[in-house]
Structures are given as structure tokens and as C-alpha cells.
Amino acid sequence: MSKKFYITTPIYYVNDKPHIGHLYTTIAADVLARYYRQNDYEVFFLTGTDEHGAKVAESAKESGLEPKAFTDQNSQLFRDIFKKLDISLDYFIRTTDARHEESVKKFIQKLYDQGDIYEGKYEGLYCVGCEKFITKKELVNGHCPDHKKPPENLTEKNYFFKLKKYLPEVERLIIKDKILIRPDSRKSEVLGFFKQGLDDFSVSREKVEWGIPLPFDAKQKTYVWVEALQNYISAIGYGDNEKDFKKWWPADVHLMARDIIKFHCIYWPALLIASGLEVPKQVYSHGFFTVNNQKMSKSIGNVIDPYTMVEQFGVDATRYLLLSQFPFSQDGDIKASLFKEKYNADLANNLGNLLSRVFNMLEKYCDGKIPQQVASPIYLAPVRELIENLKFNEALREMWQAIDKANKIIDENKPWQMAKDASNRKKLDEILSQLASFLLELVVYIRPFMPSTAATIVGSLESEKITKGEPLFMRI
RNA sequence: CGCCGGGUAGAGCAGUGGCAGCUCGCGGGGCUCAUAAUCCCGAGGUCGGGGGUUCGAAUCCCCCCCCGGCAACCA
């Protein structure tokens, strides 16, 4: 039986429209999913939308829609853009799926039955105008930004999870890399949370309407974070398909941005341990984008719309540009001109033009056929390890250095001069065959990043008569 | 306040003790198979600031400045 690979992205909050950040995580996950599939792993690639909570209910109301209708609409936006970008997901989960809700209830009931959930009080700042708790961070001069009034202190009944009971075990697993947290810097950040001390956390809300009712107290709704994390197990059958669940769990990688590692590295493993399940093998946290050194935000108005990018560059180029520009583990800054420069330099000039050169010469000098079976003269092996370690930009850099070498080989050998003299026939055939072999080998690594580009290249090289064809990436 | 990152050529980044690198852009030259593409050469940095350890520091230690993140829900 082949090996399995279960990879997840966070589920995206439907309150927001899809933006470049959502795409970034999802494309990275897609590259891994495609890579492992082509290496004969059985892959389950999960993404989806997080749909409950007070904010969603509020936004729905503003749009004059019922919460469900609102989430139907916004969830679809995520599906659409993922489809547009060739995301090869195996399952799209919504936290409003009946299956998910049942799974969550089963999970939380178990914790309650075994005494890991207890009744307590939640104290917080409550704004009467908003009808919800707000955080200190949201306050402007001590006032609610929407209602210009100071919030009042209020307590409500909540249920709490005995996090503290499980902290030592979670910490031990992290230290021993049983839960591998990467990059390393994030691991030390997480271990720092333990040093600062962590409290039991609330798993329910009384004043939230739009959520999954607690099975043991229907007046309370499950706190969205607790419920959201469980998508990773409900999607693969926790509670309703033991066979599938056993097959896929534990996750091989939970992929996410660095803002939510605490939930994934501490709360989530603790919940799993409490319910007797295995912990995820790896949590990988990638960086954030800034745009012109500013945080991407709606109020600043610098949010990059994925459709605009796809319209300008095309699907494959968008995938390439997002993953090649910065180290995956670190933050990166996007400037308006960067993508265009990189598109022209890497895709049009280097790869695109190399293809035109090789295809054209095969057509002109070799009657559209690859003359011989020969080995590629360019070494590409390190790419594999780089992809497996999620060093996407380095993997791509390695591939593009190989493309440079191929261009150099052409210039050094000057096939167009060889073609003028029949005595060079053998050498000319050999050089062009080598280049074709190189492209076929390169395409294997390009495929996870740029699936349709890879298909086009293979299609050209395997056709009856190779022709120069249309340029793959036009300069812009 | 606390905790975690980051600050290296015009731009984006690599480089964790031994002559400061890569890509893009820029300047010059070559080639003509190719998408004004490609190939060669070159200019450009007191490695955020200050102090210390060391024969030697971008790299280790201390202090400071700036940017980003976490602290009950924006990738």
C-alpha cells in the first residue's frame, strides 16, 4: 500500500473576501499535495470555510441576509477562486455542514462526559450597543469605536476546557518534535507561551446565536475556535466514518500563517490528547505579506485581489510569483512593480524564451523530432529536498539556475552555426537532444507549481512534430 | 510592560566566527536560434546604531533605535 499524506490549510473565515493571503497558503498546500501525489503518495488535501460566530451573524444582518444564505454566498467565493487557481483539493469543508456539526458535538460531549469541561464564568468588556464582548485592543480611547461609549464589565456563564491538565504533555511532545513546529523560530515562540503561563480556555459562548449548540447545554454555542479546529478531523470522518478517519489521521502537515500557531500548537493538541487522539505530525507556519511595508488591510485599501493578479499574469504565473518571491518561512514585502519584473525576468525571458529557442531549433534543424535519447546534462536533484522542506523559493531558484545553464549551453555551442555545416550534424543532434531531456526532467519539478505550463511543455515535446508554437509567457 | 521575529548594494533576499553573496534593475560589450529575449564584463554595501568578547564579528554577548506579529477568532 502506498504511503498517505494528509495536508490542511486553515479554514478561512467567510466574513472576509478571498485575498492574496488566503491564496498564498492554499497554493503552497497545493504544491505539496501535487508533489506528493506524483511521488505515489495517497494524498488528502483539505481546505474550507469557517462560518460561525458573532461577526458573521452581524455581517449577514448588514447585507440583509440570513446567516446561512450569507455564508453560502461567501463560501462560494472561496471555492471559485480556488478552482480558478487550479487548487487540487480533495475536500472542501464548511463548518455549517451537518456532518461537521455532528462531529463537533460528539467530540465535545466526550470531553464533557469525562470531566474535562467544567462550568465557569467569563468576565469581559461588553458593549451594549454591539451586543457583544469586545477586546481591549478594539477600544479607542477606552470607548467602543462604533458606539463611542465605554464598555461595561460583564460576566456570563461559560464552559471551560481543562487545558492546564494537558499542558505538560503538549509541551513534552513539542520539545521532542513529536509535534514538529517549523520553522524553528516558531517552535521557540510556542515554547515561550508555556513559560508565560496559560489558562484553561472557554469553549462556549452564551450571547452568540450563530453557532453549534453545546450538546449538554443548548443555550450555549460552541466557541468558534474550538469548533473550527475540529474541521481537521470531521472532514476525514471523525464520528461517522471510523475507517477513513483511521486511514488519514494524524495530519502530516497543518499549514497556516503565523498568527494562529498558538491555537494549532497548544489548544488543538491538548484537545486531541484529551479525547485520546493522536496529535498532528507537523505544524508549519509561514510568513505574512506587507504591501509597501504596510500591513495588508481593508482600511488602508492595499489588499491585493487575486482576480486582478490572475487577470494580469495568468494562473500559473500567479502561483509562481507568490511562491518564488520570498522565503516561505518569513515575512515578505510586496511592491507594485515586483511581480511584473519577476514575471518578465523569470517566466517570459528565462523559461519562456528558452522554450521558444529549443522548440524552434528542433523544428528547424531536426524536422520536429527529438533526435536521440540522451541524459540531461544539468543536475536538478536538490530540488526534491527543498520542496519537501517547504523551501519553495529555494526550490524554484534552483530550477531557474538550471534554466540559466540551459540558456548558457545554447550560447556556448551555437547550434545555429552548427546547422550551417553538415559535418556538425552529430554534435547538433546531441546538443538539442540534451536540451529536450533537460526540459522533460525539469517539467517534473515545475508541475506541482505550474500544472498547466507543465502539461503544455510535455505536450509539445511529445507531439508528432515539434513546432515553435506560441510563446508561453508573453512579456508584459 | 511581557513574549517572538526582522533590519545586509536602488529593490527583493541568502549568508550564524575566517578575503561580503544571489536575483532583478542599472552601465558597457558579444550573438542572432529566440518573446528588444540570450551570453560575457562592470558599477553599486562603513552588513540599523553604540559598546564588548576574539588573532579575526554581518555572524557571539550587552544596551539602544526602527518595522512586523502574539496577548479570546484577518493567510
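Residues numbered from 1 in each chain as written. Chains lettered and ligands numbered in written order. Predicted model: local features only at pLDDT ≥ 70, side-chain atom pairs only at ≥ 80, totals over all residues. Heavy atoms only, no water.

Q: Where do I start with the overall build of chain A in this structure?
A: Within chain A, the secondary structure is distributed over 18 helices and 16 strands. Projected onto its principal axes, the C-alpha positions of chain A cover 90 × 50 × 40 Å. Taking all 476 residues of chain A together, the buried fraction comes to 54%. Carbon and sulfur atoms form 49% of the exposed surface of chain A, whose accessible area is close to 21900 Å². (Helix = DSSP H or I, 4+ residues; strand = E, 2+ residues; numbered from the N terminus. Buried < 20%, exposed > 50% of the residue type's maximum accessible area, 1.4 Å probe, protein only. Areas by Shrake-Rupley, 256 points an atom, 1.4 Å probe, with all protein chains shown as cover.)

Q: Got a minute to help me understand the sheet that holds strand 11 (residues 217-222) in this structure?
A: Where strands meet in a sheet, backbone hydrogen bonds hold them as pairs that are either parallel or antiparallel. Strand order in the open sheet formed by three strands is 9-11-10, with antiparallel pairing between adjacent strands. Of all strands in the sheet, those bounded by a partner on one side alone are strand 9 (204-205) and strand 10 (213-214). Of the strand pairs in this sheet, strand 9 and strand 11 are connected by two bridges, and their pairing is antiparallel. Each residue of the ladder has a partner; that of Ser204, found in strand 11, is Thr222. (Pairing = 2+ DSSP bridges.)

Q: Just checking my understanding: could you explain the packing of aromatic side chains for this structure?
A: Two descriptors summarise a pair of aromatic rings, namely the distance from one centre to the other and the angle between the planes of the rings. In this structure the tally under the stated criterion is 29 aromatic pairs. Seen in terms of ring centroids, Phe44 and Trp248 are 5.3 Å apart; in terms of plane orientation they differ by 45°. Their pairing is tilted. Here Phe44, found in strand 2 (residues 42-50), pairs with Trp248, found in helix 9 (residues 242-248); they are 204 residues apart in sequence, far enough to count as distant. With respect to class, Phe44 is no different from Trp248; both count as buried. Centroid distance Phe201 to Tyr267: 4.2 Å. Interplanar angle 15°. Geometry classified as stacked. Taken together, the residues span a long stretch of sequence, with Phe201 in strand 8 (residues 201-202) and Tyr267 in helix 10 (residues 261-274) at a distance of 66 residues. An identical accessibility class is assigned to Phe201 and Tyr267; each is buried. Chaining the aromatic ring pairs together yields one cluster made of Tyr6, Phe44, Tyr91, Phe107, Tyr232, Tyr238, Phe245, Trp248, Trp249 and Trp268. Directly above the ring of Phe193 sits Lys262, whose terminal nitrogen or CZ lies 5.1 Å from the centroid. (Phe/Tyr/Trp six-rings, centres within 6.5 Å; stacked < 30°, edge-to-face > 60°. Lys NZ or Arg CZ within 6 Å of the ring centre and 35° of its normal.)

Q: So what exactly am I meant to see when it comes to unusual backbone geometry here?
A: Keep in mind that most residues, glycine aside, have a negative phi and that most peptide bonds are trans. Along the chain, Arg182 connects to Pro183 via a cis peptide bond; the corresponding omega equals -5°. In this structure, Pro250 follows Trp249 across a cis peptide bond, with omega equal to 0°. Along the chain, the position of Pro250 falls in the loop between helix 9 and strand 12 (253-257). We note that Asp40 has phi near 70°; this positive angle belongs to a residue other than glycine. Mapped onto the fold, Asp40 is located in the loop between helix 1 (20-38) and strand 2. Looking at Asp40, the relative accessible area reads 61%, which means it is exposed. At Asp177, a residue that is not glycine, the phi angle is positive and equals roughly 60°. Relative accessible area serves as the criterion here: at 36%, Asp177 is assigned to the partly exposed category.

Q: Any chance you could explain the sheet that holds strand 12 here in plain terms?
A: Strands sit in the order 3-2-1-12-13-7 across an open sheet of six strands; the sheet is parallel. Where the open sheet ends on each side, the last strands, each with one partner, are strand 3 (91-94) and strand 7 (180-182). Here the average twist between neighbouring strands, direction ignored, is 20°. Bridging between strand 7 and strand 13 (residues 282-286) involves three bridges; their strand directions are parallel. Bridging across to strand 13, Leu180 finds its partner in Gln282. Contacting strand 1 (4-13), strand 2, strand 12 and strand 13, helix 1 runs over the sheet at an angle of about 165° to strand 1. (Axes fitted to C-alpha atoms, helices over the stretch in contact; angles between N-to-C directions. Contact = heavy atoms within 4.5 Å.)

Q: It is not clear to me how the environment of Pro215 should be interpreted in this structure. Could you clarify?
A: Residue position: Pro215 is located in the loop between strand 10 and strand 11. Residues Pro215 and Pro183 lie 32 residues apart in sequence; the distance between their C-alpha atoms is 38 Å. The residues touching Pro215, leaving out its near neighbours within four places in the chain, are Lys105, Ile108 and Gln109.

Q: Sorry, what's going on with the nonpolar core here?
A: The nonpolar side chains of soluble globular proteins are, as a tendency, buried together. Residues Leu323, Phe392, Met399 and Phe438 are the most contacted members of the largest nonpolar core, which totals 87 residues. Looking at which domains feed residues into this core, each of domain 1 (4-306) and domain 2 (336-461) supplies at least three. Listed in part, the 58 residues of the second largest apolar core include Phe44, Ile179, Tyr223 and Ala228. (Core = buried A, V, L, I, M, F, W, Y, C linked by side-chain atoms within 4.5 Å. Domains from an automatic or database assignment.)

Q: Looking at this structure, I do not really get the pattern of salt bridges. What am I missing?
A: Opposite charge on two side chains allows them to pair when their charged atoms are near. If you walk through the whole model with that rule in mind, you get 21 salt bridges. A salt bridge links Lys164 to Asp199; its shortest N-O distance comes to 3.5 Å. A residue pair is termed long-range when its members are at least 10 positions apart, and Lys164 in helix 5 (residues 163-175) and Asp199 in the loop between helix 6 (184-196) and strand 8 qualify at 35 residues. A single salt-bridge network, built from bridges that share partners, covers Glu51, Lys68, Asp72 and Arg94. (Salt bridge = Lys/Arg side-chain N within 4 Å of Asp/Glu carboxyl O.)

Q: Explain the side chain of Arg319 to me, please; I cannot follow it from the model alone.
A: Mapped onto the secondary structure, Arg319 falls in helix 12 (residues 315-324). At a separation of 2.9 Å, a polar atom in the side chain of Arg319 contacts the main-chain carbonyl oxygen of Leu85. One polar contact links the side chain of Arg319 to the main-chain carbonyl oxygen of Phe449, over a distance of 2.7 Å. Filtering out sequence-adjacent residues up to four positions away, Arg319 remains in contact with Ile27, Asp30, Val31, Arg34, Leu85, Asp86, Ile87, Pro448, Phe449 and Pro451. (Polar contact = N/O pair within 3.5 Å; in protein donor to acceptor, adjacent residues only side chain to side chain.)

Q: Any chance you could explain the domain arrangement of chain A here in plain terms?
A: Size of an interface, as often reported, equals the accessible area lost when the parts are brought together. By the assigned domains, chain A splits into domain 1 (4-306) and domain 2 (336-461). Between domain 1 and domain 2, the residue contacts involve 14 residues of the former and 13 residues of the latter. Between domain 1 and domain 2 lies a buried interface of about 1300 Å² when both sides are counted; carbon and sulfur atoms form 61% of it. Among the residues domain 1 hides against domain 2, the three largest losses belong to Val31, Tyr35 and Gln38. Together they make up 42% of the total. In this assembly, domain 1 and domain 2 are joined by zero salt bridges. Scanning the region where domain 1 abuts domain 2 turns up four residue pairs in polar contact (both at pLDDT 80 or more). For the side of domain 1 that touches domain 2, the secondary structure elements donating two or more residues are helix 1 and strand 13. Broken down by element, the residue count for the side of domain 1 that touches domain 2 peaks at seven residues, all from helix 1. (Buried area = accessible area lost by both parts, 1.4 Å probe.)

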